[in-house]
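Here is what each chain is made of, one letter per residue.
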Amino acid sequence: MPRFEYAPAPESTTIVDIQPSYGLFIGGEFVEPTDGGVMKSVNPASEEVLAEVAEAGPADVDAAVRAARSAYQRVWEPMPGRERAKYLFRIARIIAERSRELAVLESLDNGKPIRESRDADLPLVAAHFFYYAGWADKLGHAGFGSDPRPVGVAGQVIPWNFPLLMLAWKIAPALACGNTVVLKPAETTPLSALRFAEICQQADLPPGVVNIVTGAGSTGAAVVEHPDVDKVAFTGSTEVGRQIARAVAGTRKRVTLELGGKAANIVFEDAPIDQAVEGIVNGIFFNQGHVCCAGSRLLVQESVYDELLASLKRRMATLRIGDPLDKNTDIGAINSRVQLDRIRTLSEIGEQEGAQPWSPPCELPERGFWFAPTIFTGVTQAHRIAREEIFGPVLSVLTFRTPDEAVAKANNTPYGLSAGIWSDKGSRILAIADRLRAGVVWANTFNKFDPAAPFGGYKESGYGREGGRHGLEGYLA
Ligand code: TAP
């Protein structure tokens, strides 16, 4: 099949003004850290330093929590929900207005393709604020009593894969319910959270309602362990989730954890194969596979295995890898060298354990962090690449013969965040979905998100739900 060559179509970066250095956002102002250090945020597609960012120490975190407590007591908790809603609507509108700038910044700092930051991340970020703005004056009708109260100060820690979207998932429901927040973005992707701080200023949000403390894991730990934090909300790895659960055990703190996943994407023989192939590609290569709910285990019914694999390989050969700011790019850069090393190590282990890797021929840029889209065949359930989260563009392919076998294999994982089912029969989809231990099950589609839909996991994928009416629960007393 002839392959189209695409002319470069780079998005301009002139819309984003990145300062050489940033302080911490505490009490409505950018301030220098008092006991912290400095770290650098790097563009993973070029390894160029984008900005220096403050690393908050315990005294800085303490100042942020104090600011949040004071704002909670003085203005935010006493404010009627309909007034809080106005601020949230204002933030949502500003995000929509500045979405191109935010999308470019997100792609620069994270490495994700502009097509995704522009068409997925940013619309969802704005939608989240709009959605929760709508709840702020209706909390008495949400099913949590006639006059539910906020919890207080929320300490929130987020990962690097969807920096601004994870911020929205955390901050929008917290504020709608009348809580104030101290949020720590990931070390490698702090810039969009700092831009969000500017948006809070632009929206005239009362000082101290939102505080952003940049830093590494120790800053996150200081937020989680601060005695005046009432609620901890964390998204990240299961390993750190465990540490956080231990840190808050025995305290009055509430906690919700959104952790890892190893989702099964199950293709039955009656599935529309071309559509399924699109869903498989979206399931594992969207955002370079840096997706907690990625469809990283493909389960194919044996009778259609050859046809599906041939079609999947043909489709993978058309994926374009490279400059995240090019509008034609499908797969961007891996977020950091550390993550690239992790993906490489697990892929090598996959080969050593006897699975066979395949990638389409593709040239990877010389600078930056890159990994070609890869599928492993000959994978068994015992292989580490079938059990552990790779968090990269690597798909493990397994087969099954009967629906029972598909369910047993899909559930054979310590995680339980998401799953996909591909079949022509609605009755089969419903019957299988009922038996899958996963928080979200997609049918004949994958990686679809909506602020009105709750999202969260079973087992080692965490507890609590974000999104929808359910997402209010963690922020109401
Ligand atoms: P983590 O290493 O867990 O980091 C997540 C956040 O926690 C980062 O901000 C990190 O700071 C901070 N952190 C690290 N150690 C900490 C500690 N001891 N106490 C408090 N905070 C600490 O995860 P990651 O590598 O950034 O993200 C990938 C993982 O997140 C994957 O496993 C993925 O599945 C999961 N994830 C889950 C979801 C949902 S919704 N379930 C969504 C996205 C990602 P640093 O950045 O400085 O390390």
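Just so we're clear, the structure is a prediction, and the values are computed from it rather than from any experiment. (Residues numbered from 1 in each chain as written. Predicted model: local features only at pLDDT ≥ 70, side-chain atom pairs only at ≥ 80, totals over all residues.)

Can you walk me through the domain arrangement of the protein in this structure?
Once the domains are mapped, the protein shows domain 1 (21–258 + 458–475) and domain 2 (264–443). For domain 1 and domain 2, the distance between their C-alpha centroids amounts to 30 Å. Taken residue by residue, the interface counts 20 residues in domain 1 and 26 residues in domain 2. Across the side of domain 1 that touches domain 2, the residue classes break down as seven nonpolar, seven polar and six charged. (Domains from an automatic or database assignment. Contact = placed C-beta atoms within 7 Å. Nonpolar A, V, L, I, M, F, W, Y, C, P; charged D, E, K, R; others polar.)

What is the right way to look at the site of the ligand in this model?
Glu187, Gly217, Gly220, Gly236 and Cys292 are the nearest of the 28 residues found near the ligand. Of all the secondary structure elements, the ones that give two or more residues to the shell around the ligand are helix 7 (217–225) and helix 8 (238–248). Among the elements that line the shell around the ligand, the one with the most residues is helix 7, at four residues. Its residues assigned to classes, the shell around the ligand comprises 14 nonpolar, ten polar and four charged. Taken together, domain 1 (21–258 + 458–475) and domain 2 (264–443) each give at least three residues to the shell around the ligand, which thus spans both. (Near = placed C-beta within 6 Å. Helix = DSSP H or I, 4+ residues; strand = E, 2+ residues; numbered from the N terminus.)

When you look at the environment of Ala317 in this model, what are you seeing that I'm missing?
Assignment of secondary structure puts Ala317 in the loop between helix 10 (305–316) and helix 11 (337–352). Residue classification places Ala317 among the partly exposed residues on the basis of 14 C-beta atoms within 10 Å. When the C-alpha positions of Ala317 and Ser359 are compared, they lie 8.2 Å apart, and in sequence the two are 42 residues distant. (Buried ≥ 20, exposed ≤ 12 C-beta atoms within 10 Å, placed from the backbone.)

In this structure, what is going on with the environment of Asp404? I would like to understand it.
Among the secondary structure elements, Asp404 is positioned in helix 13 (residues 403–411). On the basis of neighbour counts, which here come to 11 C-beta atoms within 10 Å, the residue Asp404 falls in the exposed class. Taking the C-alpha atoms as reference points, Asp404 and Ile432, separated by 28 residues in sequence, lie 8.8 Å from one another.

I tried to follow the packing of helix 9 (residues 273–285) against helix 10 on my own but got confused; where do I start?
The packing of two helices is summarised by the inter-axis angle and the distance between the axes. Close contact between helix 9 and helix 10 brings their axes to 10 Å; oriented N to C, the two are set at 55 degrees. With respect to helix 10, the axis of helix 9 lies oblique. Crossing of helix 9 over helix 10 shows right-handed handedness. Two secondary-structure elements touch here, helix 9 through Ile273, Asp274, Ala276, Val277, Ile280 and Val281 and helix 10 through Glu307, Leu308, Ser311, Leu312, Arg315 and Met316. (Axes fitted to C-alpha atoms, helices over the stretch in contact; angles between N-to-C directions. Parallel < 35°, antiparallel > 145°, perpendicular 65-115°, else oblique. Left-handed = near helix turned anticlockwise from the far one by under 90°.)

Hey, could you run me through the nonpolar core in this one?
Generally speaking, soluble globular proteins have nonpolar side chains that are buried together. Ranked by internal contacts, the top residues of the largest apolar core, which has 91 residues, are Leu88 and Phe129. The element that contributes the greatest number of residues to this core is helix 5 (residues 163–176), accounting for eleven residues. Not counting residues within four places of it along the chain, the set of residues in contact with Phe129 comprises Leu88, Ile91, Ala92, Ile95, Ala168 and Ala172. Counting 61 residues, the second largest nonpolar core, distinct from the first, contains Phe268, Phe369, Val397 and Ala406. (Core = buried A, V, L, I, M, F, W, Y, C linked by C-beta atoms within 7 Å.)

What should I look at first to understand the pairing of strand 4 (residues 37–42) in this one?
Along any regular strand, the residues point their side chains to alternate faces of the sheet. Relative to strand 5 (residues 49–55), strand 4 runs antiparallel, the two sharing six bridges. Within strand 5, the residue paired with Gly37 across the bridge is Glu55. Linkage of strand 4 to strand 5, two consecutive antiparallel strands, is achieved through a turn of six residues, within which Glu47 is found at a positive phi near 65 degrees. (Pairing = 2+ DSSP bridges.)

It is not clear to me how the pairing of strand 11 (residues 264–267) should be interpreted in this structure. Could you clarify?
Because side chains alternate across strand 11, one face comprises the buried residues Ala264 and Ile266, and the other comprises Asn265 and Val267, equally buried. Bridge count for strand 11 against strand 12 (residues 297–301) is four bridges, and the pairing is parallel. When the sheet's bridge partners are listed, Asn265 is paired in strand 12 with Leu298. Handedness of the β-α-β unit built from strand 11, helix 9 and strand 12 comes out right-handed. Alignment of strand 11 against strand 16 (residues 418–422), held across four bridges, turns out to be parallel. Each bridged residue has a counterpart across the sheet, and for Asn265 the counterpart in strand 16 is Gly420. (Right-handed = clockwise from strand over helix to strand, strands pointing away.)

Which parts of the structure should I look at to understand unusual backbone geometry?
At Phe391, a position not held by glycine, the phi torsion is positive, near 60 degrees. Inspection of the secondary structure puts Phe391 in the loop between helix 12 (384–387) and strand 15 (394–400). In this structure, Asn444 is a non-glycine residue whose phi angle is positive, near 50 degrees. Along the chain, the position of Asn444 falls in the loop between strand 17 (440–443) and strand 18 (462–463).

Any chance you could explain the sheet that holds strand 5 here in plain terms?
Remark on secondary structure: sheet strands pair via backbone hydrogen bonds, oriented parallel or antiparallel. Read across the sheet, three strands follow the order 1-5-4 without closing on themselves; strand pairing throughout is mixed. On the outer flanks of this sheet lie strand 1 (21–22) and strand 4, each paired with one strand and no other.

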